[in-house]
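Here are the chains, one letter per residue:
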Amino acid sequence: MLFATRYSIRGERTKDRIGALMGVFGERGEIPGTVAHYTALDGRGGLVITETDDPTTLYQATLAYQEWLEMHSTPIMRVEDAIPHIAASLE
């Protein structure tokens, strides 16, 4: 299953806080199953696309980063997979 996780920086973006966040990221690495990881150009957050059958990995990441990030994960699907269902709903 695919998930889109949007995250935003929590609190002040000081060098110490961002350094601590990057330290944790350096230790943990990407969330298992990460397909893509994008950062917003305004520096306030980003988006991670993850493919996993175990959403526990997303929850563990949320717990690990909750001091620095606010995270929202949403199940998603590819548009080509959704189109047959959309078409069926229009009949």
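Definitions and cut-offs
Residues numbered from 1 in each chain as written. Predicted model: local features only at pLDDT ≥ 70, side-chain atom pairs only at ≥ 80, totals over all residues. Heavy atoms only, no water. Helix = DSSP H or I, 4+ residues; strand = E, 2+ residues; numbered from the N terminus. Rg over C-alpha atoms; globule rule 2.2 N^0.38 Å. Contact = heavy atoms within 4.5 Å. Areas by Shrake-Rupley, 256 points an atom, 1.4 Å probe, with all protein chains shown as cover. Lys, Arg positive; Asp, Glu negative; His and termini not counted. Charge placed at Lys NZ, Arg CZ, Asp CG, Glu CD. 1 Å grid on protein atoms, 1.4 Å probe; cavity = no way out; pocket = protein on both sides within 12 Å on 5 of 7 lines; lining within 4 Å. Points joined across faces, edges and corners; volume = space filled by probe spheres on them. Nonpolar A, V, L, I, M, F, W, Y, C, P; charged D, E, K, R; others polar. Pairing = 2+ DSSP bridges. Axes fitted to C-alpha atoms, helices over the stretch in contact; angles between N-to-C directions. Buried < 20%, exposed > 50% of the residue type's maximum accessible area, 1.4 Å probe, protein only. Arc of directions from axis to C-beta.

1. A look at the overall build of the protein chain
Argument step 1. When you go through the protein chain residue by residue, the secondary structure sums to 3 helices and 4 strands.
Argument step 2. Mapped from its N terminus to its C terminus, the protein chain presents α and β elements in the order β-α-β-β-α-β-α.
Argument step 3. Here the protein chain has a C-alpha radius of gyration of 16 Å; the compact-globule value for 91 residues is 12 Å, and the former is much larger.
Argument step 4. When its C-alpha atoms are laid out on the principal axes, the protein chain stretches across 55 × 25 × 15 Å.
Argument step 5. Counted over contacts in the protein chain with a minimum sequence separation of 6, partners at least 24 positions apart contribute 74%.
Argument step 6. Accessible surface for the protein chain amounts to roughly 6,400 Å². Of this, 57% is attributable to carbon and sulfur atoms.
Argument step 7. Counting 8 positive and 13 negative side-chain charges, the protein chain places the averaged centre of each group 10 Å from the other.

2. Section: the layout of surface pockets
Empty space left among the atoms is revealed by rolling a probe the size of a water molecule over them.
Argument step 1. Taken as a whole, the largest pocket spans an internal volume of roughly 310 Å³.
Argument step 2. Lining the largest pocket are 20 residues; nearest its centre among them are Tyr-7, Leu-21, Phe-25, His-37 and Leu-69.
Argument step 3. For the lining of the largest pocket, the secondary structure elements donating two or more residues are strand 1 (2-9), helix 1 (15-28), strand 2 (34-39), strand 3 (45-51), helix 2 (56-65) and strand 4 (69-76).
Argument step 4. Of all the elements, helix 1 adds the most residues to the lining of the largest pocket, at 4 residues.
Argument step 5. Of the residues assigned to the lining of the largest pocket, the class counts are 12 nonpolar, 6 polar and 2 charged.

3. Details of the sheet that holds strand 4
Argument step 1. Strand order across the open sheet formed by 4 strands is 2-3-1-4, with antiparallel pairing between neighbours. Each edge of the open sheet is held by one strand with a lone partner, namely strand 2 and strand 4. Pairwise comparison of adjacent strand axes, ignoring direction, gives a mean angle of 15° for this sheet.
Argument step 2. Strand direction decides the pairing type here: strand 2 and strand 3, joined by 5 bridges, are antiparallel. The partner of His-37 across the bridge, within strand 3, is Val-48.
Argument step 3. Strand contacts of helix 2: strand 1, strand 3 and strand 4, with the helix running at about 165° to strand 4, the strand carrying the most contacts.

4. Side note on helix 2
Argument step 1. Here helix 2 has its buried residues at Thr-57, Leu-58, Ala-61 and Tyr-65. Projected down its long axis, helix 2 shows its buried positions confined to an angular sector of 100°, all on one face.
Argument step 2. Check the buried side of helix 2 and you find it contacts strand 1, helix 1, strand 3 and strand 4.

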